[in-house]
Amino acid sequence: MEYVNFDLWIQSEQGGCYKVTRPLSGTEECLCQDERWQRIQAGAKRLEEGETDGQFLKDFGSDLYECLLRGSIRDAFNEAFGDVRDEDDKALRIRLIIEPPEIAELPWELLYDSKRDRFLATWDKTSLTRYLKAPEAGRRLTVRPPIKVLVAIPEGSDLEVDVEEGIVREAFKELTGKGIVHLEFLKGRVTLTTVHNKLSDDNYHVFHFIGHGCFDNDEGYLRFNPDEGDGAQADEEDGRDELEKLGWLRADSFADLFAIHRSMKLVVLNSCQGAKVSATKPLAGLAPRLFGRDIPVVVAMQYPFYDDSAVIFSSQFYRKLCQGPERGLVDAAVTTARNLIRIKHRDDVDFATPVLFMHTPTGLIFDLKEDPAAAEASGTSGVSAIQTDVNSVGSAVIGGGVLRSLWRKVSDSLELLEEAPRLKALRRARGANVPALRREMREAKDAAVFHERKLELEEEQDELMMVEESLRRAAKVWTWLTWAALAVSLFIFASSFFGVFNLLGVDDWLQLKASAASRSARQAGPFGLDNIRIILADQNSKAGDFPDNTDRKNDRRYHAQLINALTDAGAKVVVLDLFPAGDSPWDSEFAEAVKRAVGKGTRAVVGVEGVKDTGEPDEPLPEKLQEVFRDSWGNYKVGISYELAGVELTSGNGLSGIHTVIRYVELAKRIDAAPAQTYPRGAVPIAPSLMLQAVRQFDAAGGGQPPSAFFYPEEKRVRLLGPDGHVLREIPVADEELSFMLTAAGPEDIGAIRYTYQQILERLGDAAFMRQVFQGKLVLVGYGVDEDRHYVSGVRQMYGAEIHANVISNIFKQVHAQKLPGRYNFLIILLMTLLGFLLQTRRGHRLRYGVRVEALRRVVKIPVALFVVVLLYFLAIYALYSQTFYVVDMSYHVVALFLAYWLAGLLRKYRKNPLKEFDLVEAA
């Protein structure tokens, strides 16, 4: 966490006003002294007596907040808070610099922002400290594990030493088990001399006192055990008050214990009134006295602190202080501990009992390095001891020298990025140490001291250079993450380009659902899917000798009967989705049925298999059928093609094994060797597909000549022209190959009513039924056989007649799909990828809604912000589909969002618990 300092200086009373000032800014207000101030005075006494509840704490804290943050001070606070509010790695450090003793003794740790419903001291966005600005001695920040903690528990009449020791050991259990902390205890008879000797034996980093404290005559005391002979000499001694004679150690004497121990970073006083300061005498108290001995940080208690809260505070405080990306940042550790106490003891003042006194401007009290011996033994190197464990586990999982090296590089880089805020604080702290050490060198009167400070200065300068290099590397990691986001976008874009997800029909399903939801109103028109009827000959069902699976030519007898019946029923167009190859004994009867149909206003269309460049069928129709189908045949071998990497792929009868949401159907074939004649300007003659021929004949149904069909390459349009040359219909195509684009549909999506040929044969004589079903309809007749089944998506197949019905319907309803251009598709994927990362690295990931899933026996937390983005995306798609014919590969956009969100979440998990992800694999 990178802290931004927000200093508030409360000055001594002048003219009835305690000025609250922001140093260097000129912002100034008076601490209010209205009825709220009276409530604060009364509430402070109630707190001393321990009579609290949750609402009282909020009311008291709110009064403190309103009295301190007023007018321009509040505006400055809101502005400063706004700068860090949405930054996940930034927080506001509120530093209270309090001159008047009577104001300093108030429990400012209870400051409560009622609008944000937060106690500022428990919120990770606002740490709260008591700050004493003074020249700081150059203390070495580098600490190599373990951190040495000396715990003093003097025996007393009501203090169970073994119980207190057990509490401390339990609090440090995790850290001592990892070798991060080394605990030593002074217990039983703990005197001034034993503490002094122990501190002289080793370089301790933390002194933790558990015992009794008191405040008497404007001075703080700690209860130690008296040295041997102290009581007998008490009457002889001068300059010692009564408490000292009984073994109580004055604040200044206690502070003198640390005067020559430069390794000491932190003193924790778990004693009554350890944080209390004089109400009349400035800087009188245990914590201020320690500042005079250059102790960077003191944590002391301003109210009685009971065992359960003490365990929570110690375990959480030291855990946060000694490991993780924010190790060494004392205000982050105190805030974390306060927050958990507040959660568990909402009606007690315990969370505000620990008071943080800071002498260091950065809040960073040490730079915990990796143990080089451990790193050498494991064969790894990293920025922390924890990283060594991660690397070893990762190596065991993925194996191999190259992958192991890559894993180490990635994991080190990710942790370095997480530690960037700490490194910034470390840079400031080391930067302040350099001039302090230079000053001490100049002031040194002893050559040995001078030489020692010189060595420290050289080491500090080297460390500062290493921190600068680490920050430069962290900046490179940010660049790497940006490229990673781009790589994710490219991966998803490539997947959309090749239609990978549609192998399971995902794209088709989404497109169909989106189209159904947004296009129904716009596509309503005179010709709908209910105007189409499909009749399929079932290969597994026989009606007499139909179908003749050995020779299809014999089926023309039934085709003739069907055309006659459909003509009598008033069908507009009968489309025979088949090629009548070879002569048949029934051709004359078949031809007569077609002539009769045309005479009664029913058009008949037949399919051919392939077209020559001259515009003639590859194989001519049987002689007796050529005249009746002279201008009403269409190429049915157009199939479905798919675009892969800009290349149109076909196989077999024109169908590919690659499936995308866009289907391309050849609407017609250019006649490149057409006989010389006059065509409309810009037009190219074409041989129509069976589908386009069905549309031509439908437009001509009821009499008259069918419109002429031409292709206009410049406009990429097929136009149907009336006899006078006016445009009857325009059909957009995608390219020079006259590919008509439509979205993939399944048989259940066509909506046309289907019958089997066998069903209709049994009811040809039922005139009422035939009129009810087929009057005014376009009827597509085909074979429901396996060889005429074609994939239209990765998982669905349709018969040829069903595909033709889909295309004809789209033409009549003027629904022509347009694929979203690749550059726009990529931009959307990139945007969704960046949003996924953003929702994890900003505060959006914290807004979650818990849902109890009984099958899992756990509460699943749903990221609300993520699903809000998805909802907004689908609303945008709905708006696009309701206004345009663009087709969007939605699945890739959504996957890009969720994949980026998941990847960013892994980074967050990795930071919080680097070993958790591999426990299962390692156990296996």
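Residues numbered from 1 in each chain as written. Predicted model: local features only at pLDDT ≥ 70, side-chain atom pairs only at ≥ 80, totals over all residues. Heavy atoms only, no water.

1. Overview of the nonpolar core
Ranked by size, the top nonpolar core spans 87 residues in total, and within it L68, W108, L110, L266, V299, F317 and L321 carry the most contacts. Setting aside residues no more than four positions away along its own chain, L110 makes contact with L47, L57, F60, G61, L64, F119, V349, F351 and A352. Residues A597, V606, I760 and V785 belong to the second largest nonpolar core, which totals 44 residues. (Core = buried A, V, L, I, M, F, W, Y, C linked by side-chain atoms within 4.5 Å. Buried < 20%, exposed > 50% of the residue type's maximum accessible area, 1.4 Å probe, protein only. Contact = heavy atoms within 4.5 Å.)

2. Details of the state of the cysteines
Under the defined criterion, the tally for this structure stands at two disulfides. Covalently, C17 is tied to C30 through a disulfide, its sulfur atoms 1.8 Å apart. What sets the handedness of the C17 and C30 disulfide is the S-S torsion sign, and at about -105 degrees it is left-handed. One end of the pair, C17, is in the loop between β1 (2-10) and β2 (19-21); the other, C30, is in strand β3 (residues 28-30), and 13 residues separate them in sequence. (Disulfide = S-S within 2.5 Å. Helix = DSSP H or I, 4+ residues; strand = E, 2+ residues; numbered from the N terminus.)

3. What about the sheet that holds β1?
Read from one edge of the open sheet, 11 strands run β3-β2-β1-β4-β7-β17-β16-β15-β11-β9-β10, paired in mixed fashion. Whereas interior strands pair on both sides, the edge strands pair on one side only; in this sheet they are β3 and β10 (181-188). Geometrically, the sheet is characterised by an average inter-axis angle of 25 degrees between neighbouring strands, direction not taken into account. Here four bridges tie strand β15 (residues 266-271) to strand β16 (residues 297-301), and the two strands are oriented parallel to one another. (Pairing = 2+ DSSP bridges. Axes fitted to C-alpha atoms, helices over the stretch in contact; angles between N-to-C directions.)

4. Considerations on the confidence of the model for the protein chain
Here the protein chain averages 78 in pLDDT, while 77% of its residues score no lower than 70. Per-element mean pLDDT across the protein chain ranges from 32 in helix α31 (residues 919-923) up to 95 in strand β20 (residues 573-576). Between residues 520-526, whose pLDDT stays under 50, and residues either more than four places distant or in other chains, the model counts nine contacts. A low-confidence stretch, residues 641-661 stays under pLDDT 50, and its non-local contacts, those more than four residues away or across chains, total 66 contacts. (pLDDT = per-residue confidence, 0-100.)

5. Looking at the packing of aromatic side chains
On inspection of all chains with the given rule, the structure shows 25 aromatic pairs. For the ring pair F546 and Y757, a centre distance of 4.3 Å and an interplane angle of 45 degrees mean the geometry is tilted. Within this pair, whereas F546 is found in the loop between β19 (532-538) and α20 (556-569), its partner Y757 is found in helix α25 (residues 757-762), the two being separated by 211 residues in sequence. Each member of the pair F546 and Y757 is classed as buried. Ring pairs connect the aromatic residues F6, Y65, F77, F81 and W123, which therefore count as one cluster. In this arrangement the basic side chain of R719 is found over the ring face of Y712, its NZ or CZ atom lying 4.6 Å from the centre. (Phe/Tyr/Trp six-rings, centres within 6.5 Å; stacked < 30°, edge-to-face > 60°. Lys NZ or Arg CZ within 6 Å of the ring centre and 35° of its normal.)

6. Thoughts on the pairing of β20
Here is the key point about a regular strand: its side chains alternate between the two faces of the sheet. By the alternation rule, side chains of β20 split into V573 and V575 and V574 and L576, which are all buried. In this structure, β20 lies alongside strand β21 (residues 603-608), joined through four bridges in parallel fashion. Following the sheet pairing, V575 is matched in β21 by V605. Remark: the β20/helix α21 (residues 587-599)/β21 crossover connection has right-handed handedness. Pairing of β20 with strand β33 (residues 778-784) involves four bridges; the strand directions are parallel. Residue pairing for β33: V575 is matched across the bridge by L780. (Right-handed = clockwise from strand over helix to strand, strands pointing away.)

7. Notes on the pattern of salt bridges
Considering all chains together, one arrives at 41 salt bridges under this definition. With a closest N to O distance of 3.6 Å, K58 and D117 form a salt bridge. Of this pair, K58 sits in helix α2 (residues 54-68) while D117 sits in the loop between β5 (112-113) and β6 (118-119), and the two are 59 residues apart along the sequence. K58 sits in the partly exposed class, given a relative accessible area of 23%. With relative accessibility at 45%, the residue D117 sits in the partly exposed group. Residues D568 and K600 are paired through a salt bridge, measuring 3.6 Å at the closest nitrogen-oxygen approach. (Salt bridge = Lys/Arg side-chain N within 4 Å of Asp/Glu carboxyl O.)

8. Notes on the sheet that holds strand β30 (residues 727-732)
Backbone hydrogen bonds hold the strands of a sheet together, and the pairing may be parallel or antiparallel. Read from one edge to the other, the open sheet built from five strands follows the order β26-β27-β28-β29-β30, with strand pairing classed as antiparallel. Looking at strand neighbours, the two that pair on one side only are β26 (668-670) and β30, the edges of this open sheet. Strand-to-strand twist in this sheet, taken as the mean axis angle between neighbours without regard to direction, amounts to 35 degrees. Sheet topology note: the β26/strand β27 (residues 684-688) ladder contains three bridges and is antiparallel. Counterpart to R670 in the pairing with β27 is I686. The sheet contacts of helix α23 (residues 690-700) involve β26, β27, β28 (708-712), β29 (717-721) and β30, and relative to β29 the element is tilted by about 30 degrees.

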